[in-house]
Amino acid sequence: MKSGNYAKAGVLVLFVTLILGNYFQYQLSPLAPRLMESMHMTPVQFSSAFSAPMIPAILLGIVAGIMSDKFGVKKVTSVGLVVTMAGLCYRPFAGDYTSLMASMVLAGIGVTFINVNMSKLVGAWYPPEKVGQMVGVTMVGSTLGMTLGTATTAMFPSVRSAFVLTGILSVFIVVLWVVFIHDGSGQAAEGNGPQESVLTSIMTVVKSRNIWLVGICLMCILGCNVALSSFLPTALQSRGINESMAGVVSSVLTIGSLLGTFMGPTIIARIGRMKPALVTLALVTAAGTAFGWMAPVWLIVVALLAAGFGMGSLIPTFMSFPMLLPEIGPSYAGSAGGVITTLELLGAVVIPTYIITPVAGQNFHTYFMMAGAVMVLMAAVALFLPELYQKGE
């Protein structure tokens, strides 16, 4: 098989793996009443079980990146996916909150390792100018997994049958990963290797101003995204829009994000100037977030579509940065991915929960203005990033 075919096979396997990596989590949403009843869980316990796959990302992101740079991406991600398989194969037998929580934490390890190494993996298969585009294509799998998990799980005759399916699929994914994924060749494949110390990897990444800037940008995007998604239906209902219509209108944000993830990085690459595109997308997202919810219904749809498109375009573009930065490159892309992934998820937790909500309270005008301001901050931070596309120069 030629290297081009290897690359396509790798992206396809990565895409399918990300579907499963989000599908298993979002299976819980439609099963909430049955799970809380059968496992005697409180709503708070259910919420913690649902968000449990994020725990490894916060705690192990940097460690996973360092290990990948030292021992190779395929070895580390394969181990992570085996742990995920163990968690998902155990989940059908979970009978209470503690066992369900444990299975969900284990299941989150594989996708954590993959997200950390997204840039390193794709960068080993494709030239720099295509990394952002291909990261965007693979990340469509994440949104698709969320959608399928939410939409199809209620069709299963029982909770156990739904969980058994993901256990079987996880075994299939591990086989695909071991057979078809390869690290590339040369430096991209091996990382910086055992001869480099862990301290060297950490210090190289920590000293990179650009990695911190990218991490802050992702922190802002995820913070805005979670803030907007959390209270948008409630805000629309406060304007007199009925519950079902509010849900339909809110779903436009996801559609926009899906389109942006798939198309945005390609458009940015064709424009040939990254920084102006990043700033423009951030400001469009900020406007849609801050003012969209109070517009007429037809204009809300347009605003949410634009905001979703902006966020969906920005995330894979920023995720591709580690492989494109000269001071990071393939040798330290895993460690850098761990840092930016950790900052990204901290933003998703800290910004909406501990900054925006306490200040805004029940005032939706203040709430969404603050969420929009977070994206303005992202645009300002992006101005300090290097221009990685030099079309025409």
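In this text, all values refer to a predicted model and were calculated from it rather than measured experimentally.

How each quantity is defined
- Residues numbered from 1 in each chain as written.
- Predicted model: local features only at pLDDT ≥ 70, side-chain atom pairs only at ≥ 80, totals over all residues.
- Heavy atoms only, no water.
- Helix = DSSP H or I, 4+ residues; strand = E, 2+ residues; numbered from the N terminus.
- Rg over C-alpha atoms; globule rule 2.2 N^0.38 Å.
- Buried < 20%, exposed > 50% of the residue type's maximum accessible area, 1.4 Å probe, protein only.
- Contact = heavy atoms within 4.5 Å.
- Axes fitted to C-alpha atoms, helices over the stretch in contact; angles between N-to-C directions.
- Left-handed = near helix turned anticlockwise from the far one by under 90°.
- Nonpolar A, V, L, I, M, F, W, Y, C, P; charged D, E, K, R; others polar.
- Expected span 1.5 Å × (residues − 1).
- Bend = angle between axes of the 7 residues up to and from the residue.
- Patch = residues over 30% accessible without salt bridge, like charges linked within 9 Å, V, L, I, M, F, W, Y side chains within 5 Å.
- Areas by Shrake-Rupley, 256 points an atom, 1.4 Å probe, with all protein chains shown as cover.
- Salt bridge = Lys/Arg side-chain N within 4 Å of Asp/Glu carboxyl O.
- 1 Å grid on protein atoms, 1.4 Å probe; cavity = no way out; pocket = protein on both sides within 12 Å on 5 of 7 lines; lining within 4 Å.
- Points joined across faces, edges and corners; volume = space filled by probe spheres on them.
- Core = buried A, V, L, I, M, F, W, Y, C linked by side-chain atoms within 4.5 Å.
- Disulfide = S-S within 2.5 Å.
- Phe/Tyr/Trp six-rings, centres within 6.5 Å; stacked < 30°, edge-to-face > 60°.
- pLDDT = per-residue confidence, 0-100.

Draft legend 1. Quick look at the overall build of the chain. Looking only at helices and strands, the chain features 18 helices and 0 strands. For 393 residues, the compact-globule estimate of 2.2 N^0.38 gives 21 Å, and the chain sits close to it at 20 Å. Along the longest, intermediate and shortest principal axes, the C-alpha atoms of the chain span 60 × 55 × 35 Å. Buried positions account for 54% of the 393 residues belonging to the chain. Taking the intrachain contacts of the chain between residues at least 6 apart in sequence as the baseline, contacts between residues at least 24 apart amount to 85%.

Draft legend 2. Representation of the packing of helix 14 (residues 274-291) against helix 15 (residues 297-319) in the model. Between helix 14 and helix 15, the shortest axis-to-axis distance is 8 Å and the interhelical angle comes to 145°. Remark: the crossing between helix 14 and helix 15 carries left-handed chirality. Along the contact surface, helix 14 presents Met274, Leu278, Leu281, Ala282, Val284, Thr285, Gly288 and Thr289, while helix 15 presents Ala303, Ala306, Ala307, Phe309, Gly310, Met311, Ser313, Leu314, Thr317 and Phe318. For the contact of helix 14 with helix 15, the residue count by class is 12 nonpolar, 6 polar and no charged.

Draft legend 3. Structural view of helix 6 (residues 97-116). End to end, helix 6 covers 28 Å across 20 residues, agreeing with the expected 28 Å (1.5 Å per residue, within 8%). In helix 6, a bend of some 25° at Ile109 exceeds every other bend along the element. Within helix 6, 14 of the 20 residues are buried, which leaves it mostly tucked inside the rest of the structure.

Draft legend 4. Local environment of a nonpolar patch on the surface. A surface patch of nonpolar side chains, amounting to about 970 Å² of accessible area, comprises Ile55, Ile58, Leu59, Leu60, Val63, Met67, Phe71, Leu346, Val349, Val350, Tyr354 and Ile355. Only helix 4 (54-71) and helix 17 (329-360) provide two or more residues apiece to the nonpolar patch. Top contributing element to the nonpolar patch by residue count: helix 4, with 7 residues. With relative accessibility at 45%, the residue Phe71 sits in the partly exposed group.

Draft legend 5. View of empty space enclosed by the protein. Enumeration according to the criterion identifies 2 cavities of 30 Å³ or more in this entry. When its volume is computed, the largest cavity comes out at roughly 50 Å³. For the largest cavity, the full set of lining residues is Thr17, Leu20, Gly21, Phe24, Leu81, Thr84, Ala107, Gly110, Val111 and Ile114. Every element with two or more residues in the lining of the largest cavity is listed here: helix 1 (3-26), helix 5 (73-90) and helix 6.

Draft legend 6. Region of the structure containing helix 14. Taking 1.5 Å per residue, 18 residues should reach 26 Å; helix 14 reaches 26 Å between its end C-alpha atoms and fits that length. Listed in full, the buried residues belonging to helix 14 are Met274, Ala277, Leu278, Val279, Leu281, Ala282, Thr285, Ala286, Gly288, Thr289 and Ala290. Residues of helix 14 that are buried in the fold lie against helix 12 (209-238), helix 13 (243-271), helix 15, helix 16 (321-324) and helix 18 (364-382).

Draft legend 7. Structural detail: the nonpolar core. In terms of nonpolar packing, the biggest core is built from 107 residues, with Leu35, Trp125, Ile221, Leu314, Phe318 and Met378 touching the most fellow members. The greatest single-element share of this core, amounting to 14 residues, is contributed by helix 12.

Draft legend 8. Highlighting the state of the cysteines. A full pass over the atoms with the stated rule returns 0 disulfides. Cys217 forms no disulfide, and the closest cysteine sulfur to it belongs to Cys220, at a distance of 6.5 Å.

Draft legend 9. Representation of the side chain of Thr84. Turning to its location among the elements, Thr84 is positioned in helix 5. Relative accessible area serves as the criterion here: at 6%, Thr84 is assigned to the buried category. Beyond its immediate sequence surroundings of up to four residues, Thr84 is in contact with Leu106, Ala107, Ile109, Gly110 and Val111.

Draft legend 10. Region of interest: the environment of Phe180. Residue position: Phe180 is located in helix 9 (residues 159-180). Counting along the chain gives 30 residues from Phe180 to Thr150, while the straight-line C-alpha distance between them is 29 Å. Phe180 has contacts with Ala9 and Val13, leaving out every residue within four places of it along the chain.

Draft legend 11. Fine view of the side chain of Ser250. Here Ser250 is to be found in helix 13. Not counting residues up to four positions away in its chain, the partners in contact with Ser250 are Leu232, Pro233, Leu236 and Leu304.

Draft legend 12. How the structure looks around the environment of Ala379. The residue Ala379 is located in helix 18 in this model. Classification of Ala379 by relative accessible area gives buried; the value is 4%. The contact partners of Ala379, leaving out residues within four places of it in the chain, are Val279, Ala282 and Leu283.

Draft legend 13. Structural context of the packing of aromatic side chains. In this structure the tally under the stated criterion is 7 aromatic pairs. Judged by centre distance (5.2 Å) and plane angle (75°), the ring pair of Phe231 and Tyr367 falls under edge-to-face. Of the two residues, Phe231 is situated in helix 12 and Tyr367 in helix 18; the sequence distance between them amounts to 136 residues. Ring centres 5.1 Å apart and planes at 80° place the aromatic pair Tyr367 and Phe368 in the edge-to-face group.

Draft legend 14. Looking closely at the environment of Arg273. Positionally, Arg273 belongs in the loop between helix 13 and helix 14. Between the C-alpha atoms of Arg273 and Val226, which are 47 residues apart in sequence, the distance is 28 Å.

Draft legend 15. Highlighting the confidence of the model for the chain. This prediction gives the chain a mean pLDDT of 86; 94% of its residues lie at or above 70. Predicted confidence is poor over residues 185-195, with pLDDT under 50, and the contacts of this stretch with residues over four places away or in other chains come to 24 contacts.

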